[in-house]
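# Reading the structure
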Amino acid sequence: MKFNKHLAVLTTALAVSATLGGCATANKNEADKFESGVVGQLPETPPENQRPPEIQVPEEVPVVKPQPPEEPPVANPQPPEEIPVAETVSYISVISDGVNIRTGAGTSYSSVAKAEKSTLYTYLGEENGWYKTRYRNNTVYISKKYCVVTQMDKSDNERIEAVIAEGTNFLGTPYVYGAVRLHDGKGNKLKGFTTNAFDCSSLMQYMFYKGADELLQVNTRTQVYQGTTVAKSELRRGDLMFFTNATRKNYTGVERIGHVALYLGNNYILHTASDYAKIEQISPTRWSYYIQTQRII
């Protein structure tokens, strides 16, 4: 009886064990089968278009430290531009008629001539209350009591100033119509020439030859063709001005020309006409006779 009972228990145990073992085997087989199927379906390396995108790590942005603002450059102060000041030349202007022109600086010296009111003479200095100047190629004196000193702008051309200086040496020289010229217009000296007498064109010829080695022709109607013609509005120191006169004003062409003078500036001319060489202002009547201007230098 006991034996049979033990046998039954043993049989039951074996049955349970077999059942459990089968389940385990079955479960294992199913798991192997599932794993085998999944593994077979997945490719070892996924295609390029199915790969997950790579994560881009952003580059490290350098930190820019704020720079202090630049200071503006210190401007070096520039000296003001100097405006060139024109050089001037001084003249003695007589303020009364009949003023004595003397050989020395004092009333004890002899008078050689009388100066006209408003005429100019070159200023060469001062001695004991007297102005020193030139008259008929000599040094003379005029009392300061009857004169003032005036200025004109000086030419920047030394040759022009040399021409003018030659003319101022001979202020007071008598006018003689048809006076013998220094040369024939080509530089050939003429016999009988003297600095004791000039007419208007012979004085200009002498001044330009001695001051600038320029050859002017022998009269106004040939000199007018020399140099460059300039407009009256462009008139400047050293230009030759040509005029008609009461005798020739009704003539035509070049025959109208009857006088020539050297322009100094400030409406003053150096010339000789009817009496003697002088510096004086261009009168309204003479302006009415004006024809043209020629620039030699």
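What you are looking at is a predicted structure, and each value in this text was computed from that prediction instead of being measured. (Residues numbered from 1 in each chain as written. Predicted model: local features only at pLDDT ≥ 70, side-chain atom pairs only at ≥ 80, totals over all residues. Heavy atoms only, no water.)

## Let's talk about empty space enclosed by the protein
The criterion, for reference: Using protein atoms alone on a 1 Å grid, points that fit a 1.4 Å probe yet trap it form a cavity, whereas open point sets bounded by protein on both sides within 12 Å along at least five of seven lines form a pocket; residues with an atom within 4 Å of a point count as lining. Grid points are joined across faces, edges and corners, and a volume is the space filled by probe spheres set on the points. Each helix corresponds to a stretch of at least 4 residues labelled H or I by DSSP, and each strand to a stretch of at least 2 residues labelled E; elements are numbered beginning at the N terminus. When residues are grouped by polarity, Ala, Val, Leu, Ile, Met, Phe, Trp, Tyr, Cys and Pro land in nonpolar, Asp, Glu, Lys and Arg in charged, and all others, Gly among them, in polar.
Summed over all chains, the structure comprises one cavity of 30 Å³ or more. In this structure, the largest cavity encloses a volume near 30 Å³. Taken together, Thr119, Leu120, Tyr121, Leu171, Gly172, Tyr276, Ala277, Lys278 and Ile279 form the lining of the largest cavity. It is strand β13 (residues 277-281) that provides the largest number of residues to the lining of the largest cavity, a total of three residues. Looking at the lining of the largest cavity, its residues break down into six nonpolar, two polar and one charged.

## Side note on the pattern of salt bridges
Between side chains of opposite charge, pairing is possible as soon as their charged atoms come close. In plain terms, the rule: Salt-bridge detection follows one rule: a side-chain nitrogen of Lys or Arg within 4 Å of a carboxyl oxygen of Asp or Glu. Categorising residues by exposure relies on relative accessible area from a 1.4 Å probe, with only protein chains included: less than 20% of the type maximum marks a residue as buried, more than 50% marks it as exposed, and the intermediate range marks it as partly exposed.
This structure, assessed with the given rule, holds eight salt bridges. We note a salt bridge from Glu214 to Arg159, for which the minimum N-O separation is 2.8 Å. Of this pair, Glu214 sits in the loop between α3 (200-212) and α4 (220-223) while Arg159 sits in helix α2 (residues 158-169); the two residues are 55 residues apart in sequence, bridging distant segments of the chain. A relative accessible area of 22% means that Glu214 is categorised as partly exposed. Taken together, the salt bridges that share partners define one network made up of Glu116, Asp275 and Lys278.

## A few points about the packing of aromatic side chains
We apply this condition: Stacked, tilted and edge-to-face are the three classes applied to pairs of Phe, Tyr and Trp rings, where Trp contributes its six-membered ring and a pair requires centres within 6.5 Å; stacked means planes under 30 degrees apart, edge-to-face means over 60, and tilted covers the rest. The criterion for a charge sitting over a ring is simple: Lys NZ or Arg CZ within 6 Å of the ring centre, and within 35 degrees of the ring normal.
In total, this model carries nine aromatic pairs according to the counting rule given. Centre to centre, the rings of Phe193 and Tyr206 are 5.7 Å apart; their planes meet at 20°, and the pair counts as stacked. Residue Phe193 is found in the loop between α2 and α3, and its partner Tyr206 is found in helix α3; the two are separated by 13 residues along the sequence. Residue Phe193 is classed as partly exposed on the basis of its relative accessible area of 22%. Through a chain of ring-to-ring contacts, three or more aromatic side chains come together here, namely Phe170, Phe193, Phe198 and Tyr206. Here Lys278 stacks its cationic end above the ring of Tyr276, 4.7 Å away from the centre of that ring. Over the aromatic face of Phe243 sits the side chain of Arg286, whose NZ or CZ is 5.9 Å from the ring centroid.

## A closer look at the packing of α2 against α3
Short version of the rule: Axis definition: a line fit to C-alpha positions, over the contact stretch in the case of helices; interaxial angles, taken between N-to-C directions, run 0 to 180 degrees. Small angles under 35 degrees read as roughly parallel and large ones over 145 as roughly antiparallel, with 65 to 115 read as roughly perpendicular and the rest as oblique. In this scheme the handedness of a crossing depends on how the near helix is turned from the far one: anticlockwise by less than a right angle means left-handed, clockwise means right-handed. Contacts are assigned to residue pairs that have any heavy atoms within 4.5 Å of one another.
Interaxial distance between α2 and α3 falls to 8 Å at its minimum, and their mutual angle equals 130°. Judged by the angle between their axes, α2 and α3 are oblique. Every pair of crossing elements has a handedness; the one defined by α2 and α3 is right-handed. Facing α2, whose interface residues are Arg159, Ala162, Val163, Glu166 and Gly167, α3 presents Tyr206, Met207, Phe208, Lys210, Gly211 and Ala212. Per-class residue counts for the contact of α2 with α3 are six nonpolar, two polar and three charged.

## Focus: the pairing of strand β6 (residues 130-135)
On a regular strand, each side chain points to the face opposite its neighbour's, so the side chains alternate between the two faces of the sheet. Going by this rule: Any two strands with at least two DSSP-identified bridges between them are counted as paired.
Among the six residues that make up β6, five are buried, leaving the element largely enclosed by the rest of the structure. Alignment of strand β5 (residues 126-127) against β6, held across two bridges, turns out to be antiparallel. Paired with Glu126 across the strands is Tyr131, a residue of β6. Hairpin connection, β5 to β6: the antiparallel pair is bridged by two residues, and Asn128 has positive phi, about 50°. In this sheet, strand β7 (residues 138-143) lies alongside β6 in antiparallel orientation, the contact comprising six bridges. Paired with Thr133 across the two strands is Val140, which belongs to β7. Turn length for the β6-β7 hairpin, with the two strands adjacent in sequence and antiparallel, is two residues, and the turn residue Arg136 shows positive phi of about 50°.

## Remarks on α2
Heads up, the condition is: Every helix has an expected span of 1.5 Å times one less than the residues it contains. Definition of a polar contact: a pair of N or O atoms within 3.5 Å, with one able to donate and the other able to accept a hydrogen when the atoms are protein atoms, and with sequence-neighbouring residues admitted only if both atoms are side-chain atoms.
Over its twelve residues, α2 extends 17 Å from the first C-alpha to the last, a length consistent with the 16 Å expected when each residue adds 1.5 Å. Every buried residue belonging to α2 is among Ile160, Glu161, Val163, Ile164, Gly167, Thr168 and Asn169, and all of these are buried. Its side-chain oxygen placed 2.9 Å from the backbone nitrogen of Arg159, Asn157 serves as the N-cap of α2.

## Remarks on unusual backbone geometry
The residue Asn128 is not glycine, and still its phi comes out positive at about 50°. Note that Asn128 resides in the loop between β5 and β6. Overall, Asn128 belongs to the exposed group, its relative accessible area being 72%. Residues other than glycine seldom take positive phi values, yet Asn266 does so here, at roughly 55°.

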